[in-house]
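# Results of the structural survey
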Amino acid sequence: MEIERKFLPITDRLPFQPEDFPCRRIEQGYLCTEPVVRVRRDGDDYYLTYKSKGLLAREEYNLPLTRESYQHLIRKADGRIIVKDRYVIPLDSGLNLELDVFRGELAPLVLAEIEFTDEESAKNYQPPEWLGEDVTYSPAYHNSTLSRC
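Model, not experiment: these values are computed from the prediction.

Here we take up the overall build of the protein chain. Of the regular secondary structure elements, the protein chain holds three helices and ten strands. Reading the secondary structure of the protein chain in the N-to-C direction produces β-β-β-β-β-β-α-β-β-β-α-β-α. Along the first, second and third principal axes, the C-alpha set of the protein chain runs to 40 × 30 × 25 Å. Within the protein chain, the fraction of its 149 residues that count as buried is 43%. Counting only contacts in the protein chain whose residues sit at least 6 apart along the sequence, the fraction spanning at least 24 positions is 60%. Accessible area for the protein chain stands at about 8,200 Å²; split by element, carbon and sulfur atoms hold 49% of it. The average position of the 20 basic charges and that of the 27 acidic charges among the side chains of the protein chain differ by 6 Å.

Below, the discussion takes up the layout of surface pockets. Here the idea is plain: a probe the size of a water molecule rolls over the atoms and shows the empty space left. A volume near 310 Å³ is recorded for the largest pocket. Lining of the largest pocket is provided by 22 residues; of these, Glu-2, Arg-38, Arg-40, Lys-51 and Glu-60 occupy positions nearest its centre. Broken down by secondary-structure element, the contributors of at least two residues to the lining of the largest pocket are strand 1 (2–8), strand 3 (36–42), strand 4 (45–51), strand 6 (60–64), strand 7 (78–90), strand 9 (110–115) and helix 3 (143–146). In terms of residues, the lining of the largest pocket owes the most to one element, strand 3, which gives four residues. Looking at the lining of the largest pocket residue by residue, the classes come out as three nonpolar, five polar and 14 charged.

All chains considered together, the criterion is met by one cavity of 30 Å³ or more. Estimates place the volume of the largest cavity at around 70 Å³. Lining the largest cavity are Glu-2, Glu-4, Arg-5, Lys-6, Leu-55, Leu-56, Ala-57, Arg-58, Val-135, Thr-136 and His-142. When residues of the lining of the largest cavity are traced back to their parent elements, those giving at least two are strand 1 and strand 5 (57–58). It is strand 1 that provides the largest number of residues to the lining of the largest cavity, a total of four residues. In terms of residue class, the lining of the largest cavity is built from four nonpolar, two polar and five charged.

Applying the stated criterion to the full structure yields five aromatic pairs. Members of the aromatic cluster, connected to one another through ring pairs, are Phe-16, Phe-21 and Trp-130.

Okay, unusual backbone geometry next. In the segment running from Glu-34 into Pro-35, the intervening peptide bond is cis, with an omega of -5°. Of note, Pro-35 is situated in the loop between strand 2 (23–33) and strand 3.

Bringing the pattern of salt bridges into the picture now. Under the defined criterion, the tally for this structure stands at 16 salt bridges. Among the ionic pairs, Asp-85 bridges to Arg-25, the shortest N-O distance being 2.4 Å. A residue pair is termed long-range when its members are at least 10 positions apart, and Asp-85 in strand 7 and Arg-25 in strand 2 qualify at 60 residues. Among the charged side chains, a network of salt bridges with common partners joins Lys-6, Lys-84, Arg-86, Glu-98, Asp-100 and Glu-113.

This brings us to the pairing of strand 7. In this sheet, strand 7 lies alongside strand 2 in antiparallel orientation, the contact comprising seven bridges. Paired with Glu-27 across the bridge in strand 7 is Val-83. Strand direction decides the pairing type here: strand 7 and strand 8 (residues 96–102), joined by seven bridges, are antiparallel. Paired with Pro-90 across the strands is Asn-96, a residue of strand 8. The hairpin turn running from strand 7 into strand 8, its antiparallel successor, is five residues long, and Gly-94 in that turn takes a positive phi close to 85°.

Scoring rules and cut-offs
- Residues numbered from 1 in each chain as written.
- Predicted model: local features only at pLDDT ≥ 70, side-chain atom pairs only at ≥ 80, totals over all residues.
- Heavy atoms only, no water.
- Helix = DSSP H or I, 4+ residues; strand = E, 2+ residues; numbered from the N terminus.
- Buried < 20%, exposed > 50% of the residue type's maximum accessible area, 1.4 Å probe, protein only.
- Contact = heavy atoms within 4.5 Å.
- Areas by Shrake-Rupley, 256 points an atom, 1.4 Å probe, with all protein chains shown as cover.
- Lys, Arg positive; Asp, Glu negative; His and termini not counted.
- Charge placed at Lys NZ, Arg CZ, Asp CG, Glu CD.
- 1 Å grid on protein atoms, 1.4 Å probe; cavity = no way out; pocket = protein on both sides within 12 Å on 5 of 7 lines; lining within 4 Å.
- Points joined across faces, edges and corners; volume = space filled by probe spheres on them.
- Nonpolar A, V, L, I, M, F, W, Y, C, P; charged D, E, K, R; others polar.
- Phe/Tyr/Trp six-rings, centres within 6.5 Å; stacked < 30°, edge-to-face > 60°.
- Salt bridge = Lys/Arg side-chain N within 4 Å of Asp/Glu carboxyl O.
- Pairing = 2+ DSSP bridges.

Given below as structure tokens:
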């Protein structure tokens, strides 16, 4: 189960420099958006992912792929291929913030996601002001929606 909240951070008010934290280049394409079936390259790792419907919480299954399988499937993706740099920033609360800086056609979009262990923790989380607008319940900011040209 994936339980996460998503925000549009105020990038000029971040209390850190993203470049000071680990970064991974992610490339992903969608074979289907309802339900979500995605292929992703995350560094040297490759996955096929299924996600159920939902906004705050939804089922997620990741299956490893070979590089060759990924290269075959990414050519079958509908819409745009999403490329983003993901910075992982530890927060004081013991949570991690995943800051996604989109490249290409989606630049200069920046999204911040925080994953939680349960829905109650997610709902009770009080974000700092610099995290900006909470877009958790807006399907417009799902990567599957952003992949549509």
